Structure formats: structure tokens, C-alpha cells
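Coordinate analysis (summary)
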Amino acid sequence: MTTLRTLECLVGLVDHGSVSAAAASLHMSQPALSHQISSLEKEIGAAVVERLWRGVRVTAAGRATAKEARVALRAADQAVDLGRRVGRAGAGCIRIACVETMTTWLLLPVLRRWRSRRPDVQLNLSEFTSADAMIEVIESGRSDLAIGPRPSRTDAHVEVFGKEDVVVVAAAGHSFAGLASVPFDALAAEPFVHYDPANGLAIWVDELAAQHQVVLSPVLRTRSPRTAAQLAAAGMGITIVPVSALSARPAGTVRRLRPTVKRDVVAIVPAPSDTLVRQFVADIHSRGLPIWGGPT
């Protein structure tokens, strides 16, 4: 198999016209360069140079090979340069999986900053309703990074950004509006806007209710925490949502639970040594989680 070094030797001969000058330019001995050229001739089955008493003369096969060799060498240089730029987080592509509520709440400022300061880095974003669904794309190699709540299981590296408040949403005129916080057992008497089983929040909410010995009364289900919050604010029942699902000025009544409920917000990183991904995660760490302003 012809190597890039062999192609360098041929191009050197073409450019300098002698074995001694080509060898000197490549910082190698004349016998070593001659050996590379002999190997190339053996592989292609034709002479690439004619040895003359004043130097060498490139054959038609040599000229054709040298022309393509220059293309290959330029491509190799470009590959190395690109690798260096990606290593400095200046180019490349990050495939990001994100729970849908986190996109604008957490990632938008970082995405905007990378777009303006690192224009040669391509950012591919896929949104999910479940942390466990993101694990599937991480394990299949279709994503480089996942952002969201802690999944039920993963063997990948996990970094915790912080904890996100989980709150109760009800209509504006609901009795919860008169409370500073809502005791969890008060949820038992209320119609509840629950989650479709395809959303990991469905199991999480049921487990949370079981911990407080509360039986919820679902009146409808949705895949989206944002939709759940809107339905509850419109009087369809009450619901529990992470604050990342709330709009900047949420409608209805929003109150903390008593006792307070929070959940981890994490990054799932299958290749922690990936410079590009590591820098992106570091930028999220440096900004921190948005602070919820409290009851409305």
C-alpha cells in the first residue's frame, strides 16, 4: 500500500529534479528516498522516473501519479488542519439530544454564543420528551451529547449542572392561588393533567405520588409538559411540571410543592475526552441553570 511518505518522495523528485535535492528537502537519506520510489514503481508496475547521469527524468506514469499525489497530500494536510481546529473547538459538528423543555430554557444562550463565536462548528439538535429516549440515540452512536433530567439508567459519563424546581400549575382562580406552597397531599382531591406513558415524566410523577402516598386522578394525558401547563392554566385540572416547561410569563397559578421537589439536570457524555463536546458542556456549566422567579 502506497503511503503519503512515498507520494511526498515522488513529488519531491518532480519538484527538485534530483534524488539528492529531493532527499534533502524531505530530511531523509538518498537510499531511503530511492527505496520509496522503487516501492512505488513496483506497486504501479511502471517506472515513474528514469535515472540519468545528471539527475532524473519523470516518465508519463510519474507525471500522472505526481499530479494525483499532490491532491492526496493537500487533502491530508487539510485533514490534519481540520483535526487541529476541531481539537481547539474551532470547527466540527456536535450532535445534541435535548429534552424539549431544555432547549430555550437552558441551551438557547449557549447555542447563540457558539453560532456567533464558532461559526465553523455545526450544531445539530434533536428534541425528545423522555430522557430514556435520548439514551437510545446516545448508545446507537447517533448523538454526541444529551441534555435533560437524569435517565433511569446509563453507562455513559454523567455531569450534573444543578437542580430544577418542579412546581404545581393550576388555573388563575384556583384555591392554590392563596397558598405560598402546595402540600403534596392536596393533589389527591384534584383532577390531574397527566403525561402519556411515552414521556418519562409519567413514571416519574407516579413514583413521586407513591412516595407521598397520594393517588392521582388523571382526566387527560399529554406528551408535552408545556401543553400540560397550558391545559392546567386553562382550568382543565392541575398538573406538575418542571419550571423549564413554563413560559417567561406563565398563565394561571404556579406554586412550589411542599415539601419542595427538584430534579437533576444533567449532561450525558459518551466520550468525555471529546474536546468539542467538553467545551460545550463547560460553557453550560459557566452559565449555570436559570433561576425561577417564584410563584405567580
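The text that follows walks through the structure, step by step, so that each part is easy to find. (Residues numbered from 1 in each chain as written. Predicted model: local features only at pLDDT ≥ 70, side-chain atom pairs only at ≥ 80, totals over all residues. Heavy atoms only, no water.)

Moving on to the pairing of strand β5 (residues 145-149). With respect to burial, β5 is a largely interior element, five of its five residues being buried. Bridge analysis of strand β3 (residues 92-99) against β5 gives three bridges, and the strand direction is parallel. The partner of C98 across the bridge, within β5, is I147. When β5 meets strand β11 (residues 253-269), the two strands line up antiparallel, connected through four bridges. Looking at the pairing, I147 lines up with A267 of β11. (Buried < 20%, exposed > 50% of the residue type's maximum accessible area, 1.4 Å probe, protein only. Helix = DSSP H or I, 4+ residues; strand = E, 2+ residues; numbered from the N terminus. Pairing = 2+ DSSP bridges.)

So, on to the environment of W105. One can find W105 in helix α5 (residues 102-117). Taking the C-alpha atoms as reference, W105 lies 25 Å from D206; in sequence the two are 101 residues apart. When neighbours within four sequence positions are excluded, W105 is seen to be in contact with E164, V243, S244, V265, L289 and P290. (Contact = heavy atoms within 4.5 Å.)

Below, the discussion takes up the packing of aromatic side chains. Inspection of the entire model under this criterion finds one aromatic pair. Here W114 and F280 contribute two aromatic rings whose centre-to-centre distance is 5.2 Å and whose plane-to-plane angle is 70°, an arrangement assigned as edge-to-face. In this pair, W114 sits in helix α5 while F280 sits in helix α9 (residues 275-287), placing the two residues 166 residues apart along the sequence. Accessibility expressed as a relative area gives 1% for W114, which makes it buried. Geometry around W114 places R118 over its ring, the cationic atom sitting 4.5 Å from the centre. (Phe/Tyr/Trp six-rings, centres within 6.5 Å; stacked < 30°, edge-to-face > 60°. Lys NZ or Arg CZ within 6 Å of the ring centre and 35° of its normal.)

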